[in-house]
Structures are given as C-alpha cells and as structure tokens.
Number of protein chains: 2
Amino acid sequence: MRCSVLAVGTELLLGQIVDTNSAWLGEHLAAAGIDSLVQVKVGDNQGRIAATLRALLADADAVIVCGGLGPTHDDVTREAIAEVMGVELEMRDDLALAIEEMFASRGRRMPASNLRQAMVPRGAEVIGQRRGTAPGLVCPVAVTGGAARVVYAVPGVPVEMTEMFERAILPDLLRRSGSPAVIASRVLRTWGESESGLGERLAGLIAELDRVGNPTLAFLASGWEGLKVRLTAKAASGAAATALLDDWESRVRGIVGGHVFGVDAETMESVVLGLLRARGLTLAVAESVTGGLVSGRLTAVPGASEVLRGGLVSYASEVKQELLGVPPGPVVSEAAAVAMAEGACRVLRADVGLALTGVAGPAEQEGQPVGTLCIGIALPGGRRASRRVQFGPGRETMRQLCVISALDALRRELLAG
Amino acid sequence: MRCSVLAVGTELLLGQIVDTNSAWLGEHLAAAGIDSLVQVKVGDNQGRIAATLRALLADADAVIVCGGLGPTHDDVTREAIAEVMGVELEMRDDLALAIEEMFASRGRRMPASNLRQAMVPRGAEVIGQRRGTAPGLVCPVAVTGGAARVVYAVPGVPVEMTEMFERAILPDLLRRSGSPAVIASRVLRTWGESESGLGERLAGLIAELDRVGNPTLAFLASGWEGLKVRLTAKAASGAAATALLDDWESRVRGIVGGHVFGVDAETMESVVLGLLRARGLTLAVAESVTGGLVSGRLTAVPGASEVLRGGLVSYASEVKQELLGVPPGPVVSEAAAVAMAEGACRVLRADVGLALTGVAGPAEQEGQPVGTLCIGIALPGGRRASRRVQFGPGRETMRQLCVISALDALRRELLAG
C-alpha cells in the first residue's frame, strides 16, 4: 500500500509556514505499515494541483491532500480534485446547513463565501467537520487499466487534519489495504540512556519483533521531550491491539523500565509534578546555567501552582552566596548545587529543592569545561543528593538537556525514597 | 526564472525530521524574485531521485537538491544526478585531499567511505565545502530542444546548505536569470503594532514600492521573535543594494520607527541587555505568569551575566508577599507588578526591576480573564512604570507573547529615560 502526501498552499512555498503536516502523516502512515514514498508541496493553483495529483496517482494507491479547503477564492483543492475525477462539484445542502449552524452557535452570521465549503465533487464521500468549518473528502479516482485509486482531502490546520486522519482516513486506508482494522501506538518516554545504549539492551527483543513483525518498535530522539520508544500494533480490534501493546510494554519495561518516565503525552514536568503532588510535597527551584527554563517548563503544566512554590534564578555568583547561602568557593560543583537546593527550600519555604549550576559557554568557568552540569537535590528529613553530567557543545541544546536531566534526577530520588 | 526544490532523505518521509530546508529556500528564492512552484521530498532511492529530478526539470529552469551527499551507501544523490546528466562519476583528487585534511585537522583518520564525497559527475562544478565534509555541486543538464537546465546539490545539514546557497547558488541563479548581480535583505523587527496596523500605517509606502518594484517589502509574524518587516533589494553591486536598503529603512522608520526594536539577528533580549549595559545598569526579573521564561530567554544570550543579576519566580501568592514584599490584596494588578519589580531589585540588589503577573489559564483568577498581563518596572531614582495588556487564548502562546511584551515595555522606558 502506497500513500503519497500533497501539501497545498502558496504560503508553504514562500516559507511563511513550515509544512509539518507531511512529516506527521509520514510518521503515522509508516507506523501503520503504509509507504509514503513522495511528498510534495504546491501553491494555490488549480492546474498545478491537478497535474501533481495525476502524477502522484500514477505511482501510489492513495494521496492525502492537505490544505486549500478554505472559503476563499484561493482555495481550489475541491476544484482540482473534481478535475482529476472528471466530475462536477455539487452543493450539498446538509453540509451548508452544518456550516451555517456552526457560525450560528458562535453567534456569527455565515459569510456567503463559506458556502464554497459545502461543494463536493460528485461521487465523493464526506468526512464530517468537527473542529473547523471545512469537511474532509474521500474521492475515488478511476484509473484506466489500473486498480481504483483514492484521493483524501483534509484541511491544512493541523488539529483538523490529524483528527480526520485518525477518525476516517487511516481506517479507510487499512480497509482498502486488507490489513487488520485497527492500528494503535504507545510511546514510552525514556531518559538516562542513549539511543544506541537502549538499542543494545533491547537487541534480543528487537530481533524477536523483527521476526514476528507485530508490533513494530521505533526510537525517536526528541530533545528535552525525551528519547521515545514507540510500539505500534495491528490487530482485529481495539481491545486486541491494547492487549498486544500491554504485553510488549511490560517486556520493554522489564529490560529498561527504570529509564521509562512516562507514556504517550506525559512529560517529565507533568510526571515530576504528579509525584510531588501524590506525596503532598511542595517544590522550589534554583537555577543558574538554565536561567529559568526549569521553572518555565514546570509552569507550562496547568495546575503547577499546587506544587511549585517558586524559583530563583541566581545568575550572579553573589546572588548564589547572599540569597541562597552558598558558601564562598567554586559555584560549579555538586556541593554548591546542594547548597543552592537547600537555599531555595529555605527562601521559598518548600519541602523539596532542586538546583542546577553549570557552564553553558561560550567559555569555560572555574576550570570546568563547557557542557558541565551539577544537579543538587534537597529532600525532607535532611536527605541530599547530587549528580554531575557532561554534555556536548551547543549552548541552547545543552541548556534544554540540563532541564530534563535535572528533573529526571529528582524523579529518581522521589521514586527511591 | 523557476527553481524547484528536492529534499532527499528517508528520515524526512518517516517524519523523524521535519524538512525546514525547503521553506528556507522558498523564502530566500522568493525574496530574490525566483519562483519555487514545486517542492518535493523523496527517500534515499536513486531511481526515485532521478525520476523526480527529470519530472521537475521538465517544468523548471533549476532544481536545488538538499541531502544525500553523505559518506554512506544510503547517500545516492551524486549517482542520481549523474544518471540524469547521462555521465559517469569521477574521483576528484583535490576534493579527496581536502576531506582528508579536514579529518587530519581534527586529529582523526578519514574513513575510506568518505572518499565517496570526492566523487563528482563529469562536467559538474564543485562548491567548496566550508562547514562540513561534503562539497556542493553545480550540474548542467542538457534538455533536448530546450534551454540548458541546472541541478544544484547541497548537504541537508541546514548550516551547510544555507552557507552554500548564499555564497554560490543564489549568485549563479541570478547570473543565469540575467538579473542584477546582488540581492540583499534587511529585517526590521517590530513590536507593539499588529500586522494589519503596520500595513495601514505603511500603506502609502507599500503602494509606492509596488509601483517601483525594488526593494520589496514583506511582513512575517514570528511570535516572540517579533513581527518582522523584510526589505529585499536588487542592485548591480553590494554597495548599491545597501544604499537602497538604507534609504528605505529610514523611510519605514520615519513612519513606524518607535516599534522597530532591532535589525536582522538582533533579538528583543539582546537589545534590552545592550541598552542596560550601555547605561551601566544591572537587571533583576520577577515572574509569575511566565514562570521563568523571561529569565530563560535573557540567559540564552551569551554574556547576559554582565547585566542580569538573577530572577525570582514567585508562583505562589505567599512568595510574592513574603519574599518580594507585595502588599496583601490582588496579585494580578499593575500595583502588584510594580511592587514585585521593586522587591526583585531589593532582594537581588539590582538597579532595574522588571516584573510580570497575569493569568495564563485555564481558569480566570481574581476575576481577571485568562490572557491578562500586568507589567511592572522599577528604575533608578524611584521611577516606576506599569502596563496592562490583554492577550487571546492559548496558554503557551500567551506566555511567549508576555515575554516579548514585557521586555519591550522595559526597552521603551529605558529609551524614554
């Protein structure tokens, strides 16, 4: 089964927007065992969209077209698909009504131009709109002397596109390919081991998966979102897919479980805040090298205020000493990090303190090389922990990896306590 | 002049990497008046790269191929281009030597596989490598009965690609198109006025530019990087282009100069730090709604430590009151923001204090709607300033816009002082 992707929009060619839809679709098609061999961007030009669709259909069973379904005269994806199908567009009254009601529910009058979005190539099926005003389309295309082909059209807005893909397009593709009806993925987020290190430890399991072919396993390095291990299962039902994923998740965890900090949308921040909340503990952060990024990430989680008392960015060494009570001496050290964590607890009256000090560069500091991170942790009952980590060059990358590394160190201490 | 873009790499189709090169190239080609009508991604497959190149050359004068120039057997862009040109690859000893020297200068032995990078299609010109080991290529392609076409090959690593594009490809494209020899851009970064607002105020100037056609002017909304106004000039020489840009920059500034905070790579953070440094002032930040992001952005600028004493993230209301000395009462108010700024100066012993308090959501707070931001500023000599801003929904977007808005408020106060 081959499915190409066509992203439509002059703003994509002009670089005003980066096309992330194609990458997302490629990733999800591959996880479902569907090849996406070519992905194309064209502008809002009916002739060029139609010509590209014809070229792509010569070599693929299906094409997903993203974008060009809006209400303005620039939006010509519908017309281009009708041209390729060799049919007319027709007004669908039910769609027109749905769009009108969507405007009414927001207390607004529907502009007449939005009626364009109720036009559908004759013979196409509609994917009902849930998040926007544009419906999606499933358009059969006859190919002389070949098997039937299909063109899917979805809005270019990512949240609308992904919802329609998961709800309607992927099931339809799987049905057409004769595959089992359900594909489900689970992402295990890890930290503390490199991709090659995880690969070595999971080598036996990966070899077994290569033999059985289901589920599949893939690594995805995602910066301070963690190193992801994605399992993707095919099965006859949702329950069977879940059972398969449960089984293999526990086998993966049996080998590298200590590095798994979260599943699917769980972030390191949300996991650490959840552990603290469950223990009834409040947190204070003291940062030097990361300059506020740890607090910034933690406060991106709604409800962080129940746990996080606050943070101190002690960029000047005197601030570390005067405000946090760090003893005179080197400030890039595990001892200084622990003193910072204790100071943060005291100043912000929190139960737990987490501190980071290090060297982001461009120059070394106190004889410590660029990329040095010292983590300090203060826990109730006088428990203290510290760690030293060495990262490679790249100021912003290093600072981001410091954030997840420090939060992971705290996670492990909380679990060990 | 038409120039298509072909991004090569299976990892792009699998969504492991998002192709940002095409968007960058599209933007810079458009700024130079060159149309990029189609942009394609394919995997590391010689036949598919060659077929796509042939298809693109049927409709474009030039194609830029990004990626597939590495040393491994997966990297087959060289072979595919030679196939389309109908020539053999030949080993270029000078390139082999350059690659060997590059390894030697880093104290490493060159793996034999890197010699692949010294292979060049017969008749191609080389774009010398400066940032990586892979040279770029300029490959003439004869088309039966048509004008000569050209294929450029560049590495997929963005810093290598952009350097070769600006140094060799754009000048070559302009020479072939018969355009003036030089294209130069200048970006004026603004804050404080919407895109449509800037558009209205600059309407007369834009109409005049539309008539003369050189330079061109474009807006680019870039989140907390500011709203950019890009001028792009064509001229016979670099000096003439600079003179043209100088002239129009001063005309733009004559109308909206108060909103221009920086030029080209200058960020709001670097500009504010520069203003403080020039005045010999140190800074302390107190953040609630942004939870450390202001400090995090400031400390991303190398050398920030000369100006920034530190920051306080006062997420809990008691921290605002106890540590910063904010009087009891509403904490989302301009008065509280000013008290926070004063407290930050006092606690961190800085000359200037900048404070942010607001409501990021999901729920309103103290009767203030989601999206409310209050900025407080404390300056030497008892000078105080505050501001209230209302943003739309979207927690992370709102927090980012808070950061640039608060720094801009401080910038304006420093300039006014």
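Residues numbered from 1 in each chain as written. Chains lettered and ligands numbered in written order. Predicted model: local features only at pLDDT ≥ 70, side-chain atom pairs only at ≥ 80, totals over all residues.

A. Quick peek at the interface of chain A and chain B. Facing 49 residues of chain A, the contacting portion of chain B comprises 49 residues. Listing elements by their share of the side of chain A that touches chain B, those giving two or more residues are helix 2 (21-31), strand 2 (38-42), helix 3 (46-57), helix 11 (293-298), strand 14 (308-314), helix 13 (334-348) and helix 14 (395-416) of chain A. Considering every element that reaches the side of chain A that touches chain B, the biggest residue donor is strand 14 of chain A, with seven residues. Of the residues assigned to the side of chain A that touches chain B, the class counts are 26 nonpolar, 17 polar and six charged. Alignment of strand 14 of chain A against strand 14 (residues 308-314) of chain B, held across five bridges, turns out to be antiparallel. Residue pairing across strands places S314 of chain A opposite G310 of chain B, the latter belonging to strand 14 of chain B. (Contact = placed C-beta atoms within 7 Å. Helix = DSSP H or I, 4+ residues; strand = E, 2+ residues; numbered from the N terminus. Nonpolar A, V, L, I, M, F, W, Y, C, P; charged D, E, K, R; others polar. Pairing = 2+ DSSP bridges.)

B. Main features of the nonpolar core. In this structure, A341 and A344 of chain A together with A341 and A344 of chain B are the most contacted members of the largest nonpolar core, which totals 140 residues. When neighbours within four sequence positions are excluded, A341 of chain A is seen to be in contact with A286, G353, L354, A355, G376, I377 and A378 of chain A. Of all hydrophobic cores here, the second largest spans 100 residues; its members include V5, I64, A134 and V141 of chain A. (Core = buried A, V, L, I, M, F, W, Y, C linked by C-beta atoms within 7 Å. Buried ≥ 20, exposed ≤ 12 C-beta atoms within 10 Å, placed from the backbone.)

C. Quick peek at the sheet that holds strand 12 (residues 260-263) of chain B. Residue and element names in this part refer to chain B. The antiparallel open sheet is built from four strands, whose spatial order is 10-11-9-12. A single partner strand is all that each edge strand has here, and the edge strands are strand 10 (216-221) and strand 12. Across the sheet, the axes of successive neighbouring strands diverge by a mean angle of 25°, strand direction being ignored. Bridge count between strand 9 (residues 182-190) and strand 11 (residues 227-235): nine bridges; the pairing is antiparallel. The residue of strand 11 that forms the bridge with V182 is A235. (Axes fitted to C-alpha atoms, helices over the stretch in contact; angles between N-to-C directions.)

D. A look at the relation of the copies chain A and chain B. If you rotate chain A by 180° and push it 0.1 Å along the axis, it lands on chain B with an RMSD of 0.2 Å. As the rotation angle and translation indicate, the two copies are arranged about a two-fold axis. A shared interface surface links the copies, since 100% of the contact residues of chain A are contact residues in chain B too. (Least-squares fit on C-alpha atoms with pLDDT ≥ 70 in both.)

E. Quick look at the sheet that holds strand 9 (residues 182-190) of chain A. All names here are of chain A. Taking strand neighbours across the sheet as the criterion, the four strands line up as 10-11-9-12 in an open arrangement whose pairing is antiparallel. Of all the strands in the sheet, the pair left with one neighbour each is strand 10 (216-221) and strand 12 (260-263). When strand polarity is set aside, the average angle formed by the axes of neighbouring strands in this sheet is 25°. Alignment of strand 10 against strand 11 (residues 227-235), held across six bridges, turns out to be antiparallel. The partner of T216 across the bridge, within strand 11, is T232. In this fold helix 9 (residues 238-256) packs onto strand 9, strand 11 and strand 12, with an angle of close to 25° to the strand it touches most, strand 9.

F. Structural view of unusual backbone geometry. With an omega dihedral of 0°, the bond running from N214 of chain A to P215 of chain A counts as a cis peptide bond. Following G361 of chain B, the chain continues into P362 of chain B via a peptide bond in cis, with omega recorded as 15°. Within the secondary structure, P362 of chain B is located in the loop between strand 15 (352-358) and strand 16 (372-378). Located in the positive-phi region is R349 of chain A, a residue other than glycine, with phi close to 50°. When you line up the elements, R349 of chain A lands in the loop between helix 13 and strand 15 (352-358).

G. Structural detail: the pairing of strand 7 (residues 136-141) of chain B. Of the pairings in the sheet, the one linking strand 6 (residues 125-127) of chain B to strand 7 of chain B comprises three bridges and is antiparallel in character. Bridging across to strand 7 of chain B, E125 of chain B finds its partner in V138 of chain B.

H. Representation of the environment of G310 of chain A. With respect to the helices and strands, the residue G310 of chain A is situated in strand 14. G310 of chain A sits 25 residues away from V285 of chain A along the chain, and the two C-alpha atoms are 6.6 Å apart. Sequence-distant contacts of G310 of chain A, that is, excluding residues within four places in its chain, are made with A284 and L348 of chain A together with L312, V313, S314, Y315, A316 and V319 of chain B.

I. Seen up close, the packing of helix 10 (residues 268-278) of chain A against helix 14 of chain A. All names here are of chain A. At their nearest, the axes of helix 10 and helix 14 sit 10 Å apart, and the two run at 30° to each other. The angle between helix 10 and helix 14 places the two elements in the roughly parallel class. Crossing handedness for the pair helix 10 and helix 14: left-handed. Here M268, E269, V271, V272 and L275 of helix 10 lie close against helix 14, whose contacting residues are I404, L407, D408, L410, R411 and L414. (Parallel < 35°, antiparallel > 145°, perpendicular 65-115°, else oblique. Left-handed = near helix turned anticlockwise from the far one by under 90°.)

J. How the structure looks around helix 13 (residues 334-348) of chain B. Residues and elements named next belong to chain B. The first and last C-alpha atoms of helix 13 sit 21 Å apart over 15 residues, in line with the 21 Å expected at 1.5 Å per residue. For helix 13, the tally of buried residues reaches 12 of 15 residues, placing the bulk of the element in the interior. For helix 13, the full list of buried residues reads A336, A337, V338, A339, M340, A341, E342, G343, A344, C345, V347 and L348. Positive phi appears at R349, one or two residues downstream of helix 13, with a value of about 50°. (Expected span 1.5 Å × (residues − 1).)

Purely spatial values, then, with no claim about function.
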